[in-house]
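Structural description and commentary
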Amino acid sequence: MTTSNPDSRRRRAPWRGALTVVAVLAALVAFACTGDDEPEPEPTTAPVTRSTPRPATATPPPPTLTPTPTATEGPRRDMPASSRSTPSPTPTPAATSTPTPSPTPPPATATPTPTPTPPTPTPTPEPPRVRPEIEVTGLGRWFNSEPFTIGEQVSRGNVVLIDFWTYSCINCVRTLPYLRDWHDKYAEHGLVILGVHRPEFEFEHSATNVAAAIERLEVTWPVAQDNDSRTWRAFNNRYWPAKYLFDTTGKIVHTRFGEGAYLKFEEEIRAALTRAGSDVSDIPLGQGDQARDPEDRRRQTRELYGGYWRIRGSYAAQDEYYLGTDREVEYVDIGDPSERVHDKWYVHGLWRNEREAIVHARETTNLEDYFALQFRARSVNVVLDPPPGQSYEVYITIDGRPLSADEAGSDVVFDADGNSLIRVTEPRHYAIVELPEFGEHDLRLASNSDHFGVFALTFGSYLEGP
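Throughout this document, residue positions are counted from 1 along each chain, in the order its sequence is written. Confidence filtering applies because this is a predicted model: local features only for residues at pLDDT of at least 70, side-chain atom pairs given and counted only at 80 or more, and all residues used for totals across whole chains, interfaces and linings. Note that the side-chain values use all heavy atoms of the structure and ignore hydrogens as well as water.

Turning our eyes to something else, we now look at the overall build of the protein. Of regular secondary structure, the protein possesses six helices and 18 strands. Buried means the residue's accessible area, taken with a 1.4 Å probe over protein chains only, is under 20% of the maximum for its type, while exposed means over 50%, and partly exposed covers the values in between. Out of the 466 residues belonging to the protein, those deemed buried represent 40%. Any two residues having at least one pair of non-hydrogen atoms within 4.5 Å are treated as being in contact. Residue pairs in contact within the protein that sit at least 24 positions apart in sequence constitute 73% of those at least 6 positions apart. We count a stretch as a helix when DSSP gives it H or I for four or more residues in a row; a strand needs E for two or more, and each element gets its number in order from the N terminus.

Right under this line is the structure:
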């Protein structure tokens, strides 16, 4: 007899029990499916895919909620089947989108006409920008030219001459023939002259007065007003006239303060133009300095001013002049003209010391009030300023008599009685004396007008001209 192994029975029992349970369940299912009722239709949903069951002790995770995309979100990518979550028993039907109609292609026979592409213009190369050593700035009204700068001109390969001047200054006026000659000869070879008009007196601020002076003095090159002295200060300039020559590198290669040395300056102009590539070898040099009287120049009377703003030192002989400004004073001249002090002036009668001039302060009838001085020179010029639209006459005597024809300056006229006088019609300098030779003389200016005011007197020792 064979003895059964209890451990063996225990190992087979679970297998046999499982078969028994399955058999019972199969019988029940068969009975339910073969009942009298009609079978239910097949569900339309996809069969549920069972995931691997978790141990009973584990808590099932909550369902994952997938948010509905907003309209601003981009297209949503579909997930692979292996990572999809279990669908709900009743799936939400997908929204049906309206298909976008495709554009109708053009007929096969239509050939689009190509639009021609305009050629790209080749830009004109700008000349290299040169920064000058000093630049003009703050200039006002321009004459004979549109505004420009030194930098613009030298960048174009031009040589630039800056000339500081003011139209009432006889020293400036004496340089104009040389500037005119240089402009006529060298402008087409690259020389650009700019006259920077920096006024000395208030009436020279007027563009109308400057324009009249430019026409009268035959200035044909560019001129610009520097009424605020901004370019004057930029150059740290102190003189009328003053000339600065710039070559094409923007450097100042030559300067000249005051009159004279014209031949040397022209040679520097020619050298700068030659370096810039211009051939000026066939152009003849101009004339040199004006011939002067052989008398010692240091004996010549210096420039004299009438207004207290310009006076340096004791130019007026009378002490009353210095007791206050803008005062009317009854002056008395010294008895003997030969006792006048050189480089000083004297007035007689009622006069008012103003900022820019000594002004006759009353109307007279017999020229009893006058302005007098002892001078040493060949020529004398006086700066006068009549009221706008008005004029007056100034009578001139030398050594107690009228001027003769060979002593009179270019602005002097003679009346029926042979008296020498000038008619003051505009603000400027007037040439009143041009002597045949250098000498020392007593000069007197007299007017009955209460507008007669002496701004300045200048003197010269040239053999010709003022």
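From this point, things continue past the structure.
Before going further, it helps to examine the pattern of salt bridges. In the sections that follow, a salt bridge refers to a side-chain nitrogen of Lys or Arg positioned within 4 Å of a carboxyl oxygen of Asp or Glu. For the structure shown, the criterion picks out 21 salt bridges. In this structure, aspartate 333 and arginine 340 form a salt bridge, with 2.8 Å as the shortest nitrogen-oxygen distance. What makes aspartate 333 buried here is its relative accessible area of 11%. Arginine 340 sits in the buried class, given a relative accessible area of 6%. In the salt-bridge network here, residues are joined through shared partners; they are Arg216, Asp411, Glu426 and Arg428.

Before going further, it helps to spend a moment on the pairing of strand S15 (residues 420-424). Of all the five residues making up S15, four are buried; the element is thus mostly covered by neighbouring parts of the structure. Two strands pair if DSSP finds at least two bridges between them. Across four bridges, strand S12 (residues 392-398) lies against S15 in antiparallel orientation. Bridge pairing in S15 places glutamate 393 opposite arginine 423. Pairing geometry for strand S14 (residues 413-414) and S15, over two bridges, is antiparallel. Each residue of the ladder has a partner; that of phenylalanine 414, found in S15, is serine 420. Between S14 and S15, which pair antiparallel in sequence order, lie five residues; one of them, glycine 418, sits at a positive phi of approximately 85°.

What the six strands build is an open sheet, ordered S1-S4-S3-S2-S5-S6; its pairing is mixed. The open sheet has two edge strands, strand S1 (142-143) and strand S6 (252-257), and neither has a second partner. Sheet topology places strand S2 (residues 159-165) next to strand S5 (residues 242-246); five bridges connect them, and they run antiparallel. Note on S5: the bridge partner recorded for isoleucine 162 is tyrosine 244.

This paragraph deals with the nonpolar core. The set of buried Ala, Val, Leu, Ile, Met, Phe, Trp, Tyr and Cys residues whose side-chain atoms join them within 4.5 Å is what this entry labels a nonpolar core. Counting residues in each nonpolar core, the largest one holds 96 residues, and the members touching the most others are Ile162, Trp182 and Ile432. Beyond its immediate sequence surroundings of up to four residues, tryptophan 182 is in contact with Leu161, Ala187, Leu191, Ile193, Lys243, Tyr262, Phe265, Glu266 and Ile269.

Our focus in this paragraph is the packing of aromatic side chains. Stacked, tilted and edge-to-face are the three classes applied to pairs of Phe, Tyr and Trp rings, where Trp contributes its six-membered ring and a pair requires centres within 6.5 Å; stacked means planes under 30 degrees apart, edge-to-face means over 60, and tilted covers the rest. According to the stated counting rule, one finds 22 aromatic pairs in the structure shown. Among the aromatic residues, those joined into a cluster by ring pairs are Phe164, Trp232, Phe235, Tyr239, Trp240, Tyr244, Phe246 and Phe257. The lysine or arginine in question, arginine 444, covers the ring of tyrosine 370, its NZ or CZ lying 3.9 Å from the ring centre. Charge-over-ring contacts are defined here by two conditions on Lys NZ or Arg CZ: a distance within 6 Å of the ring centre and an angle within 35 degrees of the ring normal.

Here glutamate 328 lies in strand S8 (residues 328-331). Beyond its immediate sequence surroundings of up to four residues, glutamate 328 is in contact with Leu350, Trp351, Arg352 and Ala361.

Right, let's talk about the side chain of histidine 197 for a bit. On the secondary structure map, histidine 197 appears in strand S3 (residues 191-197). Sequence-distant contacts of histidine 197, that is, excluding residues within four places in its chain, are made with Trp165, Thr166, Tyr167, Glu204, Val210, Val223, Ala224, Gln225 and Asp226.

Next up on the list: the side chain of arginine 270. In this structure, arginine 270 sits in helix H6 (residues 262-275). At 4.6 Å, glutamate 266 is the nearest oppositely charged side chain to arginine 270, a buried residue that forms no salt bridge. Discounting chain neighbours no more than four positions away, the residues touching arginine 270 are Tyr186, Val280, Ser281, Ile283, Pro284 and Leu285. In this tally, Lys and Arg are treated as positive and Asp and Glu as negative; His is ignored, and so are the chain termini.

Bringing the confidence of the model for the protein into the picture now. Here the protein averages 80 in pLDDT, and 71% of its residues register 70 or above. Across residues 1-104, confidence stays below pLDDT 50; counting only partners more than four residues off in sequence or on other chains, it has nine contacts. Scored between 0 and 100, pLDDT is the confidence that the predictor attaches to each residue.

Turning next to H6. One turn of an α-helix holds 3.6 residues; hence residues three or four places apart share an orientation. For H6, built from 14 residues, the straight-helix expectation of 20 Å at 1.5 Å per residue is met to within 8% by its first-to-last C-alpha distance of 20 Å. Within H6, the full set of buried residues consists of Tyr262, Phe265, Glu266, Glu268, Ile269, Arg270, Ala272 and Leu273. Of the residues trailing H6, glycine 277 is marked for its positive phi of about 105°. One less than the residue count of a helix, multiplied by 1.5 Å, gives the span that helix is expected to have.

Attention shifts here to the state of the cysteines. By convention in this document, the label disulfide applies to cysteine sulfur atom pairs within 2.5 Å. With the rule as written, the count across this model stands at zero disulfides. A disulfide-free cysteine, cysteine 169 has its sulfur positioned 3.4 Å from the sulfur of cysteine 172, the nearest such atom. For cysteine 172, a relative accessible area of 0% translates into the label buried.

Between the first and last C-alpha of helix H3 (residues 170-186) there are 25 Å, a value that for 17 residues agrees with the 24 Å anticipated at 1.5 Å per step. Within H3, 13 of the 17 residues are buried, leaving the element largely enclosed by the surrounding structure.

For a regular strand, side chains alternate in direction, first toward one face of the sheet and then toward the other. Here S2 lies mainly inside the structure; seven of its seven residues are buried. What you see with S2 is no split at all: Val159, Leu161, Asp163 and Trp165 on one side and Val160, Ile162 and Phe164 on the other are buried throughout. Of the pairings in the sheet, the one linking S2 to S3 comprises seven bridges and is parallel in character. What sits directly across from valine 160, in S3, is valine 192.

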